[in-house]
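# Summary of structural features
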Amino acid sequence: MPEAAPDRPGDEAPLVSVVVPVHNAELHVEQAVRSALDQPAALEVILVEDASTDGSLEVCRRLAAQDGRVRLFRHPDGGNHGPAASRNLGIRHARGRYVAFLDADDYYLPNRFQRDVALLEPDPGVDGVYGGTLTQSDPDAPADDRVRRTVTFEAPVAPQD
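The shown structure was predicted, so the numbers you read here are calculated from the model rather than taken from an experiment. (Residues numbered from 1 in each chain as written. Predicted model: local features only at pLDDT ≥ 70, side-chain atom pairs only at ≥ 80, totals over all residues. Heavy atoms only, no water.)

## Quick look at the confidence of the model for the protein chain
- In the predicted model, the protein chain carries a mean pLDDT of 86, and the fraction of residues at 70 or more is 79%.
- Note on residues 4–10: pLDDT under 50 across the span, and 4 contacts to partners over four residues away in sequence or across chains. (pLDDT = per-residue confidence, 0-100. Contact = heavy atoms within 4.5 Å.)

This is the structure in C-alpha cells:
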C-alpha cells in the first residue's frame, strides 16, 4: 500500500530510482536517505517499510513528508516479506530510467552515480553497472572483530556471471 501521494501529472521522471528496503533500521535509515538525496543526479528515493517493530516507519514517514523526492510504500498485507520482496515492490513503483539499491543501514559516498551514468547513457547494450563497495564494521568493536573489506570489479562481467 502506498504511503506517498500518487504521482502528479507533469512530474519529471527521475534519472535514478534508489530503492531502500527498510526493516528495523530506525537508527540508520535517515543517513542512508540523506546520502542518496545528496547525490547530484536527479533521483527519487523509494522506501519500502517492511513491518519494522522499531520506529522505522515513523522515520520513513517524516523523511517522505520533508522531501518530495522520497516516496514510502509498504506491502499490501502490512507483513514482513524480506529484502528481496521489498526491493521488487520498490522496482514496481520506480519511475527512474535506472534503478539502484541501497540498504537502510548503508550509505552512498559523494558522486555515487557519476561513473555509472557515464557508462550506461551512451550504450543501451549495457545491462547494469557494478560499483566498488566497502564493508566496515563498528569501529568501537574489539580489534579482532573488526572487518574492513573492499570489493571491486576490475573488468566487465558477462550477464550469465
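## Description of the packing of aromatic side chains
- Using the criterion set out here, one finds 1 aromatic pair in the structure.
- With a centroid separation of 5.2 Å and an interplanar angle of 80°, the aromatic rings of Tyr108 and Phe113 are classed as edge-to-face. You'll find Tyr108 and Phe113 in the same group, each marked buried.
- Residue placement shows Arg87 over the ring face of Phe101; its charged tip is 5.8 Å from the ring centre. (Phe/Tyr/Trp six-rings, centres within 6.5 Å; stacked < 30°, edge-to-face > 60°. Buried < 20%, exposed > 50% of the residue type's maximum accessible area, 1.4 Å probe, protein only. Lys NZ or Arg CZ within 6 Å of the ring centre and 35° of its normal.)

## Quick word on the pattern of salt bridges
- Summed over all chains, the structure comprises 9 salt bridges.
- The closest approach of N and O atoms between Arg69 and Asp67, which form a salt bridge, is 2.8 Å.
- Overall, Asp67 belongs to the buried group, its relative accessible area being 17%.
- Where Arg87 meets Asp103, a salt bridge forms, and the shortest distance between an N and an O atom there is 2.7 Å. (Salt bridge = Lys/Arg side-chain N within 4 Å of Asp/Glu carboxyl O.)

## Here we look at helix α2 (residues 56–66)
- All of the buried residues in α2 are Ser56, Leu57, Val59, Cys60 and Leu63. All buried residues of α2 fall inside an arc of 160° around its axis, so they share one side.
- Buried residues along α2 sit in contact with β1 (16–22), α1 (29–37), β2 (43–49) and β3 (70–74). (Helix = DSSP H or I, 4+ residues; strand = E, 2+ residues; numbered from the N terminus. Arc of directions from axis to C-beta.)

## Details of the side chain of Asp67
- Considering the arrangement of structural elements, one finds Asp67 in the loop between α2 and β3.
- At 2.8 Å, the side chain of Asp67 forms a polar contact with the backbone nitrogen of Arg69. (Polar contact = N/O pair within 3.5 Å; in protein donor to acceptor, adjacent residues only side chain to side chain.)

## Examining the side chain of Ser17
- Locating Ser17 in the fold gives a position in strand β1.
- Under the relative-accessibility criterion, Ser17 is labelled buried at 0%.
- One polar contact links the side chain of Ser17 to the main-chain amide nitrogen of Arg95, over a distance of 3.3 Å.
- In this structure the side chain of Ser17 is engaged in a polar contact, spanning 2.7 Å, whose partner is the backbone nitrogen of Gly96.

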